[in-house]
Every structure is written in C-alpha cells, then in structure tokens.
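Chain and residue survey
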There are 2 protein chains.
Amino acid sequence: MSEELSERSRLILQAIIEDYTSTGEPVGSRTLSRRIGINLSPASVRNVMADLEDLGYLFSPHTSAGRIPTDKGYRFYVASLLQVQQLSPEVREHLQQESNFRELDTEGLLREAGRILSAISNYTGLVMVPRFTSTVFRRIEFVRLAATRVLVVFITQTGIVQHKMVEVREPLTQGELDEATNYLNQEFSGLSIQEVKSRIATEMAREQALFDNLQGRALLLSSYVLQHDLGGQVFVEGASNIFEQPEFADLSTMKRLLRTFDQKTLLVELLDKAQQVEGVQILIGSADNHSEIEGCSLVTSCYSSHRGTTGILGVIGPTRMPYAMVIPLVDYAATLVSDILNSESE
Amino acid sequence: MSEELSERSRLILQAIIEDYTSTGEPVGSRTLSRRIGINLSPASVRNVMADLEDLGYLFSPHTSAGRIPTDKGYRFYVASLLQVQQLSPEVREHLQQESNFRELDTEGLLREAGRILSAISNYTGLVMVPRFTSTVFRRIEFVRLAATRVLVVFITQTGIVQHKMVEVREPLTQGELDEATNYLNQEFSGLSIQEVKSRIATEMAREQALFDNLQGRALLLSSYVLQHDLGGQVFVEGASNIFEQPEFADLSTMKRLLRTFDQKTLLVELLDKAQQVEGVQILIGSADNHSEIEGCSLVTSCYSSHRGTTGILGVIGPTRMPYAMVIPLVDYAATLVSDILNSESE
DNA sequence: GTTGGCACTCTTCTTGGATGAGTGCTAATG
DNA sequence: CATTAGCACTCATCCAAGAAGAGTGCCAAC
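Residues numbered from 1 in each chain as written. Chains lettered and ligands numbered in written order. Predicted model: local features only at pLDDT ≥ 70, side-chain atom pairs only at ≥ 80, totals over all residues. Heavy atoms only, no water.

**Considering the overall build of chain A**
Counting its regular elements, chain A contains 13 helices and ten strands. Computed over its C-alpha atoms, the radius of gyration of chain A comes to 25 Å, more than 25% above the 20 Å expected for a compact globule of 346 residues. Based on the C-alpha atoms only, the size of chain A along its principal axes is roughly 85 × 40 × 40 Å. By sequence separation, contacts in chain A at least 24 residues apart represent 63% of the contacts at least 6 residues apart. (Helix = DSSP H or I, 4+ residues; strand = E, 2+ residues; numbered from the N terminus. Rg over C-alpha atoms; globule rule 2.2 N^0.38 Å. Contact = heavy atoms within 4.5 Å.)

Next comes the structure, spelled out in structure tokens:
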C-alpha cells in the first residue's frame, strides 16, 4: 500500500474536504464530478473514492451516503494539500479596531483576545495564561489579612496578576511583611521564576542561621507561593458559539463538550502539549484517546513576550473547519497579543 | 374572583407542584387522587384543577395532558405553601468538609462556593463579587509596566484582588509610584470606597495647587481607577450541570441559556436586583421580559463581611426545582461564606 | 483507463392506524 | 349541594409500511 497519493487522488481528496467543509453533508460522486476542475465521470470518481476509503482517508456513514473525510484525511489535507489564505484586510482591521486592548490589563487583554477569536471564527476561543516557569518576576506583595493569613500578590513582567492565600505559622505584622516585600522585590525583580526558585533554594541553604529572621521568613513565604504553578489558567470564551455548528446539534455531544469546558483539565493538558511546538499547531480529532473532544480540532499558536514568557491561544471547533481561514486568524492573533505584551511592558 | 384559595385548592396546588417537581411530567387528576392525603375522586380533583387553571396557577400543555404549574403557581407556592426543610446534616457536613476553603484566597473561595452549590444542587452556581461601593479599601499598589502604563492593583478588606491598567499622560518612575502607593495606603486604608471617593474629591478640590505634585497625581490616578466599578464580576460554575435537566434538553433553549451565561450582563442585572433584598431571594421565571431565562428560577442570598461588604451567591436552575431543599442550601452557603470572610480578615 | 447503465442498499419522509392518558360534561348518588 | 361514576372526545406518541431519493458497486462497453 503506497502512501504516496496520485495527483488525481489528492485532487479529489481536496475537493471532498473543501466541499464537506462548506456544506457539512457527505459528498457523493455526482456532486464531485460536476465540480469545475474535475473532468471525470461520477464512475471514475467513485473508483478513486473507493481507493481513498481503503487508505483510510474517507469513510461513508452508510452504504448510500456520500463520503466524509476521516481525521487521517484531514491531517493529510492540512499537512499537504491546504493552501493557507492571507488574512483578509477587513478581518485584520476588525481585529485591531474592535479590540480596545490599550485600556485593558494583561488578563483582560488575553480574555478579549479569546473573545475576538471566538467572534470572528464562530467557534470557541481558548487562551492559556503563561506558565510560571517561563515567566519573569516583576513584583511581589504581601498583605496581611489576619494574624496568620497573608495574601500574596504576584505580578509578572508582562503585567499578569496572580494571588494566593498563605497560612503562616507565626503571626506577622504588616510592617514585617512590608520589609519582606522590599527585600524580595529588590533581590529578585527581573529574574525568571526558575531563577528565583533556585536563588531561594541556595539562599536558604546558605543562611540557615537566617531562618528565623525576616529575610529567612520572606524566603520561606515566597517558596510556599512558588510551589504551586499559578499559571496555566485557561480562559474559555464564547462557549455558546461552537454549538451553532450542526455537528454539535446533538444533545449528548453538547453536554460532553460543555463538561470538558467546565472542567478545563483536559484543555490545559492539550494546550500544554501544543505549547511545546512553535508556530501554529493543529490538533485534529481525538488524536489520542480523548473521546471528550471527539469531532473537534484545535488550532493554536503561542504568544510570547521578549523575555521568553510564552502562553498559548487558539480556537476549538469542529474538525470540519475552514482551516485556510482559521489558521492565519490564530496566527495573527498570537502575534498581535505578543506585540501588545511587548509594547506594554519594558 | 377571590384570590383567597380554599383549603382544598391550596392542598391540591401543593400536591401538583410537588408531584411535578419530582417527576417533571404533567400531573393528571387520577395520579393526584391516589395520592395519600387527598381523599377525593379524580372528578372532584378535576373540578378544583379547572378552578386553579382559571385563576392562572396551572395550565395544560394540551387537552389530554395533565396540568403544569405556571410561574404564578410557583410564586404562590413559594410564598404561602412551601415548608422549607432543614438542611440535612450530611449536606451540611459535606459542605464544610469538601471545601478546603482555608487554603484559598477570597476569589478562590467564592469560586469554590459556586462550584459546591452547583455540585450539591445539580444546577448552576452563581457568585457575584461584591460591588465596589459596598467595599472597604485595604490597599492599593501601583506597578509601572511602561513609561506611561501603570498597573493598579487593588485589594479590599476581605482580600479580593482587582486590577486595572491605567494609561497616564506623563511618564512616571516606579519610585514616584511607590511614594504614591504609600501616601494612598496611609490615607485611605480602612475606608469604604465611597468614603475614599468623596475624600479624593474634596482633597483634590481643596489643594488645586497640589495638582502637579506627587500627591495630586496619586489622587488623580486613583480616581481613574475608582471610576469603573471593578466589582460586580460574576462567576458561573457548573454550567454543564443545569443541562442535565430534562427541561433543557431542547437545543434552542440550551443555546439561549448558554449564551446568557457567556455574556453575563443579564446575570449581573438580576443579581444586582436580588442583592437589594436581605435574606434568601427567589426569582421565579422571567418575571419581567427576560425571555433568555424563561423556565429558569434563581435562588440567591447575600453574603457579607462585618464591614458591610456584600456580594450575592445562589443557584440558577429550572423553575421546577425542589425549593424546599435548595433554599436552605443557598442560605447556608451564604452564611458559611460570610463566616469565612469574617474570620479571615480583621 | 474511462464511462454509462443498472441493480442494490440504506436513510428519510410520509401516512395512517392503534394506543393511552387525560379532560370536560352530564347525570346519578349520598 | 357537594361528590362521584360514566362516557364521549381530544391529542400526543408510537409503530409499521411504503414511497422517494441519494449514492454506491460492479460490469460490460467504448
């Protein structure tokens, strides 16, 4: 079984996918043979289709229906056949205009990016906040809420604010906390979280004696906070959008997907994986055994600031998706977000 | 038309609602007459039902179906017939245990409260962050992201962290911002936002001369921030839960509701209104012209800290809801959250 | 290799009758 | 006079059977 497809097979596969993408209906040999660019009779088309089905690129839902691309078919299409369009100038402008990005803080910016991705694509936007490990520390702040309860506010170089509650063993005054704040900010500002972590470790080891004094306690406090990766938060924007798609008109599918959005753990997992690749990443179908997102595809791209902080954003929609349009959209959104992050912070 | 219902009518209405609540099916005269506590023949029951229908408490979806309570019927039931149960000790314990509230910051606490409400009720949990006007100021922090971009971090007495980006006209150094921070924290900490606002106004009026110096700029900066009410954020938890209910098994209903959850504006509006009332508040059906949440009811209760800060939490579910169970649940959740907020901060 | 023709399959839509739940009305009953 | 039994009537739901339509696979002809 040669995996090399003939020119004709490729042409037909492409035609089928594009037709199916726009109609959502199984496509038959007659329809296809009428298509301009294909000068073959339905019978000939059928022969090719049968071949493609054997190779696993197509399948038919039942005997007397047309063919539908399989996930494998889509993957081949995206990898070899797809011609990515230019992002239309209108959309580009729309993206820049509609977004009053300037007025937003970073979290707002990311949320808004997801919302716009969702609105333009008509699918659901996903944005993941940068993981801590890839983040540059700008500022930390301790606020005493009660004697042994301290609110730690953490600000990254790109202006993302995270916070966490810490329960300390011995009571602290706000004055002590302020000192700790100053110490840590002077010491660590501008380092990456990883650097901060290792610095804390060495510092604490070196100065065992300091353990009881303020600096020691400050170190201890911040190490508590850094234990948990506060990043990796995922914003799901426009969940209702995706359900306009006819393939999700099924109740159980809808509920399953909605549950996945609610829980987010699977999304985090997938996005984390996609984040390891640069550029636009396309995950088609439940590549692994993720039945929760069966029938869905993910188009993602990393955004980043100049200091190496990277997060990821993208769109989740039906596998039957106009990739030629969605890919440049996601790509552009990622660069736009990157640019704004870079211009906002120094 | 006397609005006073006879003892028998009340009994039957109550029976119908309770039956319908548990089955979700229109209830007929035969079913009802078999019910213990009602010693009437189906025919007699029918007479009463016809009366109740005339009064607008019931309706039948079609001639040969049983009766279903109208919104008016439900309202009467909740107002006059309902016997609120005690919250079962198991649930109460469950609520206290499952929630590792202690480890959470305030935002996390509120989110978790919503999640648990959703999980126990099997509907969707709603939590609104306290409005600014009712909030006590604890701390403000300015972080310079770029020459003219300042991130303002705002912490309330109860440990809620809000932040916002401000674009300033003239460049500022972090040092200047730190001074402003100190000034504002000394000046305003512990005041309510309203007090802060008016203080700022008078201060700025009084010292026009100061306008150019640091204090003036700090005042200006904080007045920018306070212009927008950062509170009023709504967390929707367990959106997928509500769709397990058979009444939302309809696609268009589902999408409509989901869209409402996505946008949140209507939720904010409703919660805001409900917040003006103390104690458990029950909004049944689209009392006004809110067709988006047709068929839904809201059970809410305010939570508050000792300093007058109040937010609201609750559950949104189908109007056909076991109010006797949900009401004490929401009530208890609100007091629980209030207690934790009060114990956490001083 | 390509194509027209044809039998075959399978879904979808429609129709019509059977079923059953529940009502409203009326007349009988205590 | 309230209550009840009886009965005709209305509708939604279910099921089966048939017609229509789309598309296939295969074979023989070009």
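**Focus on the relation of the copies chain A and chain B**
What connects the two chain copies is a rotation about an axis and a shift along it. Mapping chain A onto chain B calls for a screw motion: a turn of 180° about the axis and a shift of 0.0 Å along it, with 0.1 Å RMSD after fitting. Here the copies are linked by what is in effect a two-fold axis. By C-alpha distance to the rotation axis, the residue of chain A lying nearest is A:Leu251, at 3.5 Å. A symmetric contact is evident, with 100% of the interface residues of chain A recurring at the interface of chain B. (Least-squares fit on C-alpha atoms with pLDDT ≥ 70 in both.)

**Re the protein's contact with DNA strand C**
In the vicinity of DNA strand C there are 19 residues, among which A:Arg8, A:Ser44, A:Thr63, A:Ser64 and B:Ser29 approach most closely. The sugar and phosphate moieties of DNA strand C supply 73% of its atoms located within 4 Å of the protein. At 2.4 Å, a side-chain N or O of A:Arg8 approaches a phosphate oxygen of DNA strand C. At 2.7 Å, a side-chain N or O of A:Ser44 approaches a phosphate oxygen of DNA strand C. (Near = heavy atom within 4 Å. Polar contact = N/O pair within 3.5 Å; in protein donor to acceptor, adjacent residues only side chain to side chain.)

**Some remarks on the sheet that holds strand β8 (residues 281-284) of chain A**
Residue and element names in this part refer to chain A. With antiparallel pairing, the five strands of this open sheet are ordered in space as β7-β3-β10-β9-β8. With one partner strand each, in any of the chains shown, β7 (234-237) and β8 form the two edges of the open sheet. In this sheet, neighbouring strand axes are inclined to one another by 20° on average, regardless of whether the strands run parallel or antiparallel. Both strand β9 (residues 296-304) and strand β10 (residues 310-318) contribute to a ladder of nine bridges, which runs antiparallel. (Pairing = 2+ DSSP bridges. Axes fitted to C-alpha atoms, helices over the stretch in contact; angles between N-to-C directions.)

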